[in-house]
Amino acid sequence: MGIMNKTNRTYVRVAVLGLLLVALVFALYSSFVKDPNAVKVGGDAPNFSLEQLNGPELALDDLKGKGVVLNFWGTWCEPCKKEMPALQEQYNKFKDKGLVVVGVNIGEAPVAVEPFVKQFGVDFPILLDRQSQITKLYRIGPIPTTFFIAPDGEVKEIFIGQLNEAMIADKMSKILPK
């Protein structure tokens, strides 16, 4: 009685195949449908707090009332290297108008970040997301990824990829405090 007959084996195979097909359809559906928890334009930027490269912890909420350019980057990222001087240049032009640029380094130690920051003469706050928790919170994929956040905390624009100075200036001008 312990031996399955051919009909039962066929049913088991069809059931297993059906389950695999359901799992595949779900996986494909999930990858194409936008994540409902993702940070979106028009939504509030989630608050977080991270250690600064050369300073105390900084929380996003500490910057309420200012326009915030939140830039996720890494020292290994070639487009980030090209974008950093442009961010610094525009930060110099806009910082007295109530705007701050915050660089979020993804997963690297200060020993890697420090020379990069010095090389590019960066003097805006650099936060260290060593465990990539904020990177995950903001659902960062390709870098650089930059969030332009209004003084009230609303995400006005999300840009994936390398920005040039003209693009940065245009986007910064749209999030200045009134």
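Residues numbered from 1 in each chain as written. Predicted model: local features only at pLDDT ≥ 70, side-chain atom pairs only at ≥ 80, totals over all residues. Heavy atoms only, no water.

Under the annotation held in an unreviewed UniProt entry, the protein carries the name Thiol-disulfide oxidoreductase ResA and is attributed to Brevibacillus parabrevis. The record in UniProt for the protein states the following under Subcellular location (unreviewed entry): "Cell envelope". (UniProt positions renumbered as here; feature names shortened; annotations may be inferred.)

A. Looking closely at unusual backbone geometry. A cis amide bond links isoleucine 143 with the next residue in sequence, proline 144, at an omega value of 0 degrees. Structurally, the position occupied by proline 144 is in the loop between α4 (133-137) and β6 (145-149). A positive phi angle, near 60 degrees, is found at serine 132, a position not held by glycine. By the secondary structure assignment, serine 132 is in the loop between β5 (126-129) and α4. Residue serine 132 is classed as buried on the basis of its relative accessible area, which comes to 17%. In this structure, arginine 139 is a non-glycine residue whose phi angle is positive, near 55 degrees. Under the relative-accessibility criterion, arginine 139 is labelled partly exposed at 39%. (Helix = DSSP H or I, 4+ residues; strand = E, 2+ residues; numbered from the N terminus. Buried < 20%, exposed > 50% of the residue type's maximum accessible area, 1.4 Å probe, protein only.)

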